Amino acid sequence: MDVAIVGAGLTGLWTAYYLKRARPDLHIVVIEREFAGFGASGRNGGWLSAELAGSRERYAAVHGRDGVVQLLAAMRDAVDKVIAVTAHEGIEADIVKDGMLLVARSEAQRARLRHEVEHERSWGAGSSDIHELTAAELGRRINVPSAVSAAFTPHCARVQPAKLVRGLARVVEAQGTVIYESTEATAVSPHRVTTTRGTVTAKHIVQCLEGFTAGLRGQRRAWLPMNSSMIVTEPLPDTVMDQVGWHGSEVLGDSAHAYLYAQRTADGRIALGGRGNPYRFASRTDDHGRTQAATVESLTATLHALFPATVGLRIEHAWCGVLAVPRDWCTTVNYDRGTGIGLAGGYVGSGLTTTNLAGRTLADLVLDEDSALTRLPWVNRRMRRWEPEPLRWIGVQAMYALYRAADHREENSHLGATSRWARLANAISGR
């Protein structure tokens, strides 16, 4: 065996895709506990965005400012790379590149949003990459009555994630890669993957489990599995759509600490997500996407606060998924030539585009290519482990309780700066 990939999400599938494009003769297998796209790759909010997880300063600390600027440019390019592959391979995934809108619904949020725009500019973004909008300018795109300002970036597309990952799986299989579904990997070691159905040996092992990494032997504290949840409305009637005014395909987020993400789907629904029960003790993951009633109620309240016209609409679907959070909140793409083990993940919920760039980078690392991708500052970063239980459970629960308290204070006062509760939460999180 040449390459064994653990995990049939987007990271693993993109890695297989690009390895086969470069070397069609490679013998590649993908090992998947459930089915291709079962995890966050098929359950996310559908933001094909150029967002990079983590602190730019942390990436720059080792590789310098120029390397981070190159990584940011590579992320923007990756949005178009995904769109191009779907067109070339005939993957229909409802992709429309209409950009991203981030709204501020309080003065504190407005201040943070303005700082975010300035921060992006300090890292090389131009006015065409991100700019502020007034509430009136936002209203001409989407009517959010409580908004006081917004920001817009064109570097984002709406996508139906399940269609994307299932379509990519079909393409990868057509290239000759074998995907072994219903096969759980229990341990990864040099040139070997132990599974519930036998052992796979290969020259290269590529671990692409993201939020499910804690299920491997000895890796419970590597990345923290964070849960995120979504609801989807019934198709919006014309009377509601006229009030909402969301006639384009922009994705929508906000500047709250317990942030939200939303899209208008191709069939005219609103899909909205956010944190529900963020972390389960001892790094346990969700129960096949089942979502707590309290989380559905909370997300529905958020939907109604954003769009009062949606009150009375049915919530027809709800689910949750698990994503990976590194201790320093920064993404990593690693490969050890001595052990033959590579890995990528820690996307902190911004993985839909990042998986493509990470997959291309892993392919170059496995093939021993010295390329611009293998020199990006997220390659071969040292990863710090999370604290043992119960410390990480206490920390995460405290962090999100403080963020919710900060949002409540900011939204119900004239506070013009970030609440001190949020600053304390940031200190606990280590962001």
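Before any of the text, the structure's been laid out above.
Engineer: What exactly am I supposed to notice about helix H11 (residues 391-411) here?
Structural biologist: Working note: α-helix, 3.6 residues per turn, so residues spaced by three or four point in the same direction. A rise of 1.5 Å per residue sets the reference length of H11, with its 21 residues, at 30 Å; its end C-alpha atoms lie 30 Å apart and thus fit the reference within 8%. Along H11, the positions that sit buried rather than exposed are Arg392, Gly395, Val396, Met399, Tyr400, Leu402, Tyr403, Ala406, Asp407 and Glu410. End-on, the buried residues of H11 take up no more than an arc of 155°, which puts them together on one face. For H11, the elements touching its buried residues are helix H5 (107-122), strand S13 (224-233) and helix H12 (420-429).

Engineer: Please clarify how H5 should be interpreted in this entry.
Structural biologist: With 16 residues, H5 extends 23 Å from end C-alpha to end C-alpha; this agrees with the ideal 22 Å at 1.5 Å per step. Of the positions making up H5, those classed as buried are Ala108, Gln109, Arg112, Leu113, Val117, His119 and Glu120. The inward-facing, buried residues of H5 abut helix H3 (56-63), strand S4 (100-104), strand S5 (131-134), strand S6 (149-153), strand S14 (251-254) and H11. Directly beyond the C-terminal end of H5, a positive phi value near 100° is found at Gly124.

Engineer: Quick question: what am I supposed to make of the sheet that holds strand S9 (residues 185-189) here?
Structural biologist: Remark on secondary structure: sheet strands pair via backbone hydrogen bonds, oriented parallel or antiparallel. Sheet architecture is open: 3 strands sit in the order S9-S10-S11, paired in antiparallel fashion. Here the strands that pair on one side only, and so sit at the sheet edges, are S9 and strand S11 (198-201). Direction aside, neighbouring strands of the sheet carry axes that sit 15° apart on average. One ladder, built from 4 bridges, connects S9 with strand S10 (residues 192-195); its direction is antiparallel. Following the sheet pairing, Ala185 is matched in S10 by Thr195.

Definitions and cut-offs
- Residues numbered from 1 in each chain as written.
- Predicted model: local features only at pLDDT ≥ 70, side-chain atom pairs only at ≥ 80, totals over all residues.
- Heavy atoms only, no water.
- Helix = DSSP H or I, 4+ residues; strand = E, 2+ residues; numbered from the N terminus.
- Expected span 1.5 Å × (residues − 1).
- Buried < 20%, exposed > 50% of the residue type's maximum accessible area, 1.4 Å probe, protein only.
- Arc of directions from axis to C-beta.
- Contact = heavy atoms within 4.5 Å.
- Pairing = 2+ DSSP bridges.
- Axes fitted to C-alpha atoms, helices over the stretch in contact; angles between N-to-C directions.

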